[in-house]
Amino acid sequence: MLPPLPAIPPISAETRLAYVLRHFHMAFPAAPTVRISYSDAPVRIVDGAGEFFGQTQPYPAAPNYRDWQGQSIPFFFDAAPEKPLLELLPNQRAIIHADVVSAAFYLLSGWQEFFSDERDRHGRFPYTASVQHRYGFVDVPVVNYYFDVLKTAVEHATGQPVRPRRWMNDAPFAAFLTHDIDNLYSAWKQPAKAALKAGNLLGFGRQLWQHLTRPDAWDNLKLVRETVAGYGAQSTFFFLPEHRPGANGTPNADYDVAKVWPRLAPAIGDAEIGLHASIGRAVHTGDLKREEHRMQRCTGRDLVKGIRFHYLGWEPRLTPVLLDTLLFHYDTTLGFAEHYGFRNSYCLPFHLFDFRQSQPHDFLEIPLNVMDATLHHPNYLRLAPDEILPALTPMLQQIERFGGVCTVLWHNENFDPANQHNGPREFHAIMEYLRSRQAAFVNGRDICELVS
Ligand SMILES: [Zn+2]
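Note that the coordinates shown come from a computational prediction; the quantities given were computed from them, not determined experimentally.

### Overview of the coordination of the zinc ion
Then, in step 1: The protein atoms that coordinate the zinc ion are Asp182 (OD), Asp182 (OD), His276 (NE2) and His310 (ND1), at distances spanning 2.1 to 2.7 Å.
Then, in step 2: Ordering the donors of the zinc ion by residue number gives the pattern D-x93-H-x33-H. Taken as a pair, His276 in strand E9 (residues 272-277) and His310 in the loop between strand E10 (306-309) and helix H11 (319-325) lie far apart in primary sequence, 34 residues in all. His310 shares its class with His276; the two are buried.

### A closer look at the domain arrangement of the protein
Then, in step 1: Split by domain assignment, the protein resolves into domain 1 (13-158) and domain 2 (168-184 + 219-451).
Then, in step 2: For domain 1 and domain 2, the distance between their C-alpha centres works out to 27 Å.
Then, in step 3: Residue-level contacts link 41 residues of domain 1 with 38 residues of domain 2.
Then, in step 4: Of the roughly 3500 Å² buried between domain 1 and domain 2, counting both surfaces, carbon and sulfur atoms make up 55%.
Then, in step 5: Connecting domain 1 to domain 2 are three salt bridges.
Then, in step 6: One salt bridge in this structure joins Arg343 and Glu113, with 2.6 Å as the shortest N-O distance.
Then, in step 7: The set of elements that each furnish at least two residues to the side of domain 1 that touches domain 2 consists of helix H1 (13-27), helix H2 (100-109), helix H3 (111-115) and helix H5 (142-158).

### What about empty space enclosed by the protein?
Then, in step 1: This structure, assessed with the given rule, holds four cavities of 30 Å³ or more.
Then, in step 2: In terms of lining, the largest cavity is formed by 16 residues, of which the most central are Ser109, Phe114, Pro316, Pro320 and Phe353.
Then, in step 3: Broken down by class, the residue content of the lining of the largest cavity amounts to nine nonpolar, three polar and four charged.
Then, in step 4: Two domains each donate at least three residues to the lining of the largest cavity, and these are domain 1 (13-158) and domain 2 (168-184 + 219-451).

Rules behind the numbers
- Residues numbered from 1 in each chain as written.
- Predicted model: local features only at pLDDT ≥ 70, side-chain atom pairs only at ≥ 80, totals over all residues.
- Heavy atoms only, no water.
- Donors = N, O, S within 2.8 Å, 3.2 Å for Na, K, Ca; no water.
- Helix = DSSP H or I, 4+ residues; strand = E, 2+ residues; numbered from the N terminus.
- Buried < 20%, exposed > 50% of the residue type's maximum accessible area, 1.4 Å probe, protein only.
- Domains from an automatic or database assignment.
- Contact = heavy atoms within 4.5 Å.
- Buried area = accessible area lost by both parts, 1.4 Å probe.
- Salt bridge = Lys/Arg side-chain N within 4 Å of Asp/Glu carboxyl O.
- 1 Å grid on protein atoms, 1.4 Å probe; cavity = no way out; pocket = protein on both sides within 12 Å on 5 of 7 lines; lining within 4 Å.
- Points joined across faces, edges and corners; volume = space filled by probe spheres on them.
- Nonpolar A, V, L, I, M, F, W, Y, C, P; charged D, E, K, R; others polar.

Take a look at the structure:
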């Protein structure tokens, strides 16, 4: 199952530095130029990585915790815990004693999942195997804190303030609303099954009759689009072009996109669409290419450049290479199914690192922060409806603090009022919050244009 680890060249300090500074400048586009280096420079970083990036172990030594602006933050590769984190010297020079560049590289690049052998039954890197789980920081974007340290050093070294990126209309942060369309015609099945199991033949008959004579409650894309538009936001829909189950029996779509597209097109209007790649497609270029073609043929839209994998399928050793090969502009798969938060500990779009080529990947990763299923599911969290927004609020505050993007995945089936756990009421609570905090509502295209 797990692809073997390819031969990887050691990653030099210069390569790490260039990769991380590229992201620093994406986060702070107007930052003045100043030399930042591991050797003598106005902003000097003390190298704490040793030989770590010349080997293939997935995990570094335990982080050291330091206070930064009132928050306790884990610093990996912190070789001198007795020294101050940031030393501001006269003559506009600064020294950062914890190696924030190596730590940012480790988390952003995807190192832990690439080198780890752990996968769950869907072939995914499990949350329980992550440093975020082990050290308890999944809802803290620690790379943004590392960049905050770096920014403070740059401000000292240049004497100029460094401002974060702002979103359209000067909004302090952004929100990206997405819907994976797995099911359109299955709302009746669960209540019908329950009625049958309880021997309630009348109830079963009523469900079946409704199914045959009335539109399904999940055939609701117009309602989804209008609900989201009611907040001044826009929906991005990810469609699944495969309706046969995957090789392991896992279901794909309950609809045939080619057949239903003439009806779906008016329902979604001019909303952005992306590919929801089916089971198994995260590991095979040819299969993924065929799926993309099928989607383009059905929809008549030839610019499907965004993607999210069904079941958040992702093989770190293969999938990123596939996405570059097929010239996708962005992916938005990378969140943990088991927990909301930051899989790469960062709340802005970024580029994963291509370990084979020792350079960043081309496609933009727009991290996924909140998935409806995560919040209430036997295998994931089991939050009560009124626990959901309070649980998410600290994470949302972090995204706002750093001017990031909050990506929300709410399946169309969870706009069904019959869902009282993670349904429309809970979605409205999140949307009310985002609107009250003046988030800019963006889609994937907007993000790619603004960030690149
Ligand atoms: Zn899906």
